[in-house]
Structures are given as structure tokens and as C-alpha cells.
Amino acid sequence: MSELAFTSATELAARIAARTPSPRDLVDAYLDRIDAHDAKLKGFLTVCREQAVAEAGMAEKEARAGRLRGPLHGVPIGLKDLFATAGVRTTAGSRILGEWVPDRDAAVVARLKAAGAIVLGKLHMHEFAYGPEGRNAHHGDPWNPWDPRVHRIAGGSSSGSAVAVAAGLCAAALGSDTGGSIRLPSALCNLVGLKPTFGRLSTDGVVPLAWSLDHVGPMTRTAADAALLFGVMAGTPAPVLSGDIRGLRIGLLRPFFLERATPSVARAVESAASQFEALGAQVDEAAIEGVEHAAAAFLAIVWPEALAYHQRWMRSRPQDYDPTVRDRLRLGAFVSAVDHLNGQRFRQLLRARTEALLARYDLLLAPATPITASPLDQDEVVLAGERRDRRGALILYTQVFNLTGHPAVSVPCGFDPDGMPIGMQLVGRADDEGTVLRAADAYQRATDWHLRRP
Amino acid sequence: MDREALKQRMRAAGYDWPDEELDRLIPVLARWLPAIASLSALDLPEPAIAPRPLRDDR
């Protein structure tokens, strides 16, 4: 069954349609693996054992009768614990929402269920999605499955989603991404993580971090799986992945991006660029002017938007937050409305410059993160000779495209000398998830990084 | 970074946090508030929230 646990969601759906394995066998296999591994890994906050078994039984009967609900019939998935689930506790990784049981599903969850997906459980995360390490003071720190000996961060905030898919505890997962929280844990755990165009997928029923930056999307083993889940959630046919990227123009972002990454990350992404050329794409070096101001603009927006949402609890229950999250929320009190608006105005400038670049190129290519997964308490990193805090470094490249709203996917492209995964980031035009995923899929057909297991 | 000025800003926003907790924020604010303020020196266009409006499917 271990083989099945690491099989792609696309293939599992096809096999279930062909009646082997049955949804019940598959759910049981994942539950066994959760029992065996999750006490250490901490992928799940809530396992929906009885519910998943009951749904699998139903799905099995339907499959036997030749009735498939949709393209995900019987496929077991996990949900970051900020997606509302009817009748199932939804904590957002917090003590404050520790007993919240929503009476309806988030819009994207309803669509996945309608397509036949079975929810195995709710996944671990940084409290209220406010931290890129994916740590959690209330429920324990998720363990990156790629290092069984040293406790390293999985990356966040969708840490449990990354851990659960990477360790073969579910077939695919949902995450949310305000500054990189889908792409960066995917990069650190050797997964594909898609942040679609801003607004393309509904955030209805999703606990917010910053309304004008929040995105939701799939975290999977393959680009084909990401396309499958994206299509279901968007209510459109899944993008067609032809495997053909001949003639595609790719802009490799060196200034700010490649030039600041650690050497092993830079080498892996340059090697991926060569692979794209070998597949028939044309790769040239490109730059986004003014991108060095992105971090300031991001903070000018995320700090006050996060505090605005949390204001009531910051006044009534401040002691119930992880102190580091509480400190971060407090920063929002020191950003003026003018600062916030200037952040939004800068965002428009950055978007226009990125659009101009995407008129010349079909895709932009950069590292997903400048660093790989580091040990839990290593809070500082060195980038291009400069000492920086790890939090800021982790989202350095991803937050840029939360600001611009363009679709971006993280794809496995190598390993560092410690055996930690490296991810690259492919960015496309607004609403053109198809080209982003087509290139990611073509790369995965030509490489085997994503087939390696922890 | 002037702690008293920060305190005034905090109180104006309706909060009253202990000094030791405010002190933890000072290094972060000292690094980032000037960077945020410097955005105003750029030739900025009118704001737009995103490439297109947020869709709500429900």
C-alpha cells in the first residue's frame, strides 16, 4: 500500500474508476499511515476518520455501480485547517477558534466534495496563517519529512499540507497563500504548489490573513494533479497539459532573485532553465525594476489588514495568541492609512512592470525560496553575504507575486547538499494558469525530482 | 526608534500594551517603517487592489 500512498491523485482517480483500489482500501491505507507517522510529523490537526470511512464506503458502492461523482471520485485529500468544513472543527491553528465548528463548507471545499474528493482531515498550519515557518506554539511544530533525524521546518504557513502530501498521508491538499504559504512549503517539501491568479478561486469560507493578498490553491506531487484540482475548484475544465513547450519564451529573473539565492538553489534553478531550453523553450535573462521595494509594500499591506481582522480578539483575548504571532499582529497598529495606500499604489506599479515583462515572455522563472529547509530554531540565514531573519528570507521571492496577483507555481528542481528539496517558481500572465502548469508538467515529464521520496 | 512616540501611536489606535512587549517590536519597526515610508518617494500610480476584482462564487 506504500506504493499507492505516493501515487498521484490523477492516477488514483483513474485506478478507482477502474475499480482497483477501492476508495475504502485507499482511505484505510492512508489512515494506517497517519497512525504510523503523524504523531512525529504533525501533518494533521483533526483526522476525520469515521466520516472519511463512511464516505469511502459510499464512493465504493457508487463506483461499483458505475456512478462516478466527478474527476476526484474517491480520492482522499487534506485541507489546511482554515478552510471551513461543515460539522468539522476548523481552528486556523489557533486556540481562539479551537472550538469553532462551521455549519457549511468553504466554496472550494464544496466543489472538491462535489467532484468526489474524500476529506481525510484538517491539516496543521502556522497560527492564523501568520508565519512562513509553519510552526505552531499551541499544537507543536510540524516536522519536515525530508530529514528524519533533525527537526527542520516544513515551511508555512501551510506546513501540515506540505507534510501530509510529502509523507504520503493523503493524495493532495489545499493551502492558502498570502506571501508564499502554498509555494514555499511546497518548495521545502518537494511538492508542486499552485497559487492561481488573485481572485480566480473563491476565498469564501476561508479564514483570512490579509484580504487583498489572500489566495487559495492545491499542493500536490505533480503539475497534472494541480491542474486537476484547480479545474475542479475553478469550475472549469482542467488545463490541457500537452507536454509541448517548444517556442515558449521564458524570462529567467537574475537580479534580486537568482543573485541573492544560496549557491545550491541558484545552481538548481539555472539547471532547470537549461532543461527548459532542451525542451525547446527560449530562455533569456530578465529583471523586474523596483522589486527590491516589494517587501516594504507587502508589510505596509499585510500588517494592518491582519490586525484589522484580529482587532476584536487582540482586545479581548490577546493572551490566547502565540506571543510571536501576537507581536506580528501588533505591528499593524504602527502603519498609517497613507502607508497602506502607498503599499497598494506600489503594488499597481509592480504589477504594471511585471505585465510589461510578460508581454515579452510567456513565463518568468525564479527560485521559489532563496534557502532550503533549516533546523527549527535557526532563525537567521545569510543571503548574498547579508545576515537576515529567516521569516523575511523565506517569502522574499514569493510575496512579489502576491502583490502582482499573477499565477505562480512552485515545482521541485533539485536537492541541496543536506538532501533538502529545492523548488523553482514559474510565473505566468493573469488568468493563464494553463501555460504555467503546462511548463511545470513538461519539466516533470523530463525530470524525476518529484518522484523521489523522503 | 522613540518608544514614547510609538506609545502615543499605540494609544491613538486604542491599545495599551506593556512596555516590555512594545520593546520587542522596536527593532522590527526600526527596520521596516523607514522602508515603508520611503515608498512615498517613488512615482506611484493610483491604487488598484489586484489584477481584477475578487470573485465570490456563493
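S.K.: Could you clarify how one ought to interpret the overall build of chain A in this entry?
M.R.: Along its length, chain A carries 15 helices and 13 strands. Taken over the C-alpha trace, chain A has a radius of gyration of 20 Å; the compact-globule value for 454 residues is 22 Å, and the two agree within 12%. Expressed as lengths along the three principal axes of its C-alpha atoms, the size of chain A is roughly 60 × 60 × 40 Å. Contacts in chain A between residues far apart in sequence, at least 24 positions, make up 77% of those at least 6 positions apart.

S.K.: What's the story with unusual backbone geometry in this structure? I'm lost.
M.R.: As a rule of thumb, non-glycine residues mostly have phi less than zero, and peptide bonds are mostly trans rather than cis. Residues and elements named next belong to chain A. Of the consecutive residues Thr-20 and Pro-21, the connecting peptide bond is found in the cis state with omega at 5°. With respect to the helices, strands and loops of the structure, Pro-21 is situated in the loop between helix 2 (9-17) and helix 3 (23-41). The linkage connecting Gly-156 with the following residue, Ser-157, adopts the cis geometry, with an omega of 10°. With respect to the element layout, Ser-157 can be found in the loop between strand 3 (118-123) and helix 6 (159-166). Notably, Lys-42 is not glycine yet its phi reads approximately 60°, a positive angle. Residue position: Lys-42 is located in the loop between helix 3 and strand 1 (44-47).

S.K.: I would appreciate a short explanation of the interface of chain A and chain B in the present structure.
M.R.: Accessible area lost during the coming together of the parts is what is often quoted as the interface size. With 30 residues of chain A in contact, the opposing surface of chain B contributes 34 residues. The biggest single contributor to the side of chain A that touches chain B is helix 12 (residues 337-360) of chain A, with 10 residues. Residue classes in the side of chain A that touches chain B are distributed as 14 nonpolar, 10 polar and six charged.

S.K.: What should I look at first to understand the packing of helix 10 (residues 294-316) of chain A against helix 2 (residues 19-37) of chain B in this one?
M.R.: Between two packed helices, the angle of one axis relative to the other and the distance separating the axes together describe the packing. The interhelical angle for the contact between helix 10 of chain A and helix 2 of chain B, taken along N-to-C directions, is 100°, at an axis separation of 9 Å. In terms of orientation, helix 10 of chain A and helix 2 of chain B fall into the roughly perpendicular class. Along the contact surface, helix 10 of chain A presents Ala296(A), Leu299(A) and Ala300(A), while helix 2 of chain B presents Trp32(B), Ala35(B) and Ile36(B). Considering only residue class, the contact of helix 10 of chain A with helix 2 of chain B consists of six nonpolar, no polar and no charged.

S.K.: Could you clarify how one ought to interpret the pairing of strand 13 (residues 421-428) of chain A in this entry?
M.R.: Looking along a regular strand, one sees side chains alternate from face to face of the sheet. All names here are of chain A. For strand 13, the buried fraction is high: eight of the eight residues fall into the buried class. Alternating residues of strand 13 divide into Pro-421, Gly-423, Gln-425 and Val-427 and Ile-422, Met-424, Leu-426 and Gly-428, and every residue in both groups is buried. The pairing of strand 9 (residues 363-367) with strand 13 spans five bridges and is antiparallel. Bridging across to strand 13, Leu-365 finds its partner in Leu-426. In terms of strand pairing, strand 12 (residues 408-415) meets strand 13 through seven bridges, oriented antiparallel.

S.K.: Got a minute to help me understand helix 5 (residues 107-114) of chain A in this structure?
M.R.: The α-helix advances 3.6 residues per turn, and as a result positions three or four apart in sequence lie on the same side. Residues and elements named next belong to chain A. Of all eight residues making up helix 5, seven are buried, and the element is well covered by its neighbours. Regarding helix 5, the residues found buried are Ala-107, Val-108, Val-109, Ala-110, Arg-111, Leu-112 and Lys-113. On the buried face of helix 5, the contacting elements are strand 2 (76-80), strand 4 (172-177), strand 6 (215-220) and helix 8 (223-234). One or two residues past the end of helix 5 sits Gly-116, with phi positive at roughly 105°.

S.K.: Can you help me understand the confidence of the model for chain B in this one?
M.R.: Close inspection of predicted coordinates is inappropriate for parts of the model with low pLDDT. All names here are of chain B. Model confidence for chain B is summarised by a mean pLDDT of 81, while 81% of its residues fall at 70 or above. Overall, residues 51-58 carries pLDDT values under 50, and its contacts beyond four positions in sequence, including any with other chains, amount to 17 contacts. Model confidence for the complex: the whole-complex pTM is 0.97, and ipTM, which rates the interface, is 0.93.

S.K.: For this particular structure, what's the right way to read the environment of Ala129(A)?
M.R.: Residue and element names in this part refer to chain A. Checked against the element boundaries, Ala-129 lands in the loop between strand 3 and helix 6. On the neighbour-count criterion, Ala-129 (31 C-beta atoms within 10 Å) is buried. Linking Ala-129 and Asp-177, residues 48 residues apart in sequence, is a C-alpha distance of 8.5 Å.

S.K.: I keep staring at the sheet that holds strand 1 of chain A and nothing clicks. Help me out?
M.R.: Strand pairing in a sheet takes place through backbone hydrogen bonds and is either antiparallel or parallel in direction. Residues and elements named next belong to chain A. Taken together, the 11 strands give an open sheet; going across it, the order is 1-3-2-4-6-5-12-13-9-7-8, and neighbouring strands pair in mixed fashion. Looking at which strands have only one partner, the edges of the open sheet turn out to be strand 1 and strand 8 (282-286). With direction set aside, neighbouring strand axes in the sheet form an average angle of 30°. Across three bridges, the pairing between strand 2 and strand 4 is parallel. When the bridges of strand 4 are listed, Gly-78 appears paired with Ala-173. On the sheet, helix 15 (residues 433-446) packs against strand 5 (192-195), strand 9, strand 12 and strand 13 and is oriented at approximately 145° with respect to strand 13.

S.K.: For this particular structure, what's the right way to read the pairing of strand 6 of chain A?
M.R.: Residue and element names in this part refer to chain A. Within strand 6, six of the six residues are buried, leaving the element largely enclosed by the surrounding structure. Note that strand 4 and strand 6 share five bridges and pair antiparallel. Within the sheet, the bridge partner assigned to Gly-175 lies in strand 6 and is Gly-217. In this sheet, strand 6 lies alongside strand 5 in antiparallel orientation, the contact comprising two bridges.

S.K.: What's the story with the nonpolar core in this structure? I'm lost.
M.R.: Note on soluble globular proteins: their nonpolar side chains tend to be buried together. All names here are of chain A. Ranked by size, the top nonpolar core spans 162 residues in total, and within it Ile-77, Cys-170, Ala-173, Leu-365, Val-409, Leu-426 and Ala-440 carry the most contacts. Considering each element in turn, this core owes the most residues, 12 residues, to helix 10. Not counting residues up to four positions away in its chain, the partners in contact with Ile-77 are Leu-112, Ala-117, Val-119, Leu-120, Cys-170, Ala-171, Ala-172 and Ala-173.

The rules behind these values
Residue numbers restart at each chain and count upward from 1, following the sequence in its written direction. Whichever chain is written first becomes A and whichever ligand is written first becomes 1, with later ones labelled in order. Since the coordinates come from a predicted model, pLDDT governs what is reported: local features require at least 70, and pairs of side-chain atoms require 80 or more to be given and counted, while whole-chain, interface and lining totals use all residues. Strands are runs of DSSP state E lasting at least 2 residues, helices are runs of H or I lasting at least 4, and numbering of each runs from the N terminus. When we talk radius of gyration, it's over C-alpha atoms, and the globule rule is simply 2.2 Å times the number of residues to the 0.38. In this description, a residue-residue contact is defined by the distance between C-beta atoms placed from the backbone, which must lie within 7 Å. Just so you know the grouping, Ala, Val, Leu, Ile, Met, Phe, Trp, Tyr, Cys and Pro go in nonpolar, Asp, Glu, Lys and Arg go in charged, and all remaining residues, Gly too, go in polar. Axis definition: a line fitted to C-alpha atoms, over the contacting stretch in the case of helices. Angles run 0 to 180 degrees between N-to-C directions. An angle counts as roughly parallel when it lies under 35 degrees, as roughly antiparallel when it exceeds 145, as roughly perpendicular when it falls between 65 and 115, and as oblique in every other case. Counting other C-beta atoms within 10 Å of its own, a residue is labelled buried from 20 upward, exposed at 12 or fewer, and partly exposed in the gap between, with every C-beta atom placed from the backbone. Two strands pair under a simple rule: DSSP has to find at least two bridges between them. Confidence of the predictor at the level of single residues is captured by pLDDT, which takes values from 0 to 100. Joined through C-beta atoms within 7 Å, a set of buried Ala, Val, Leu, Ile, Met, Phe, Trp, Tyr and Cys residues constitutes a nonpolar core.

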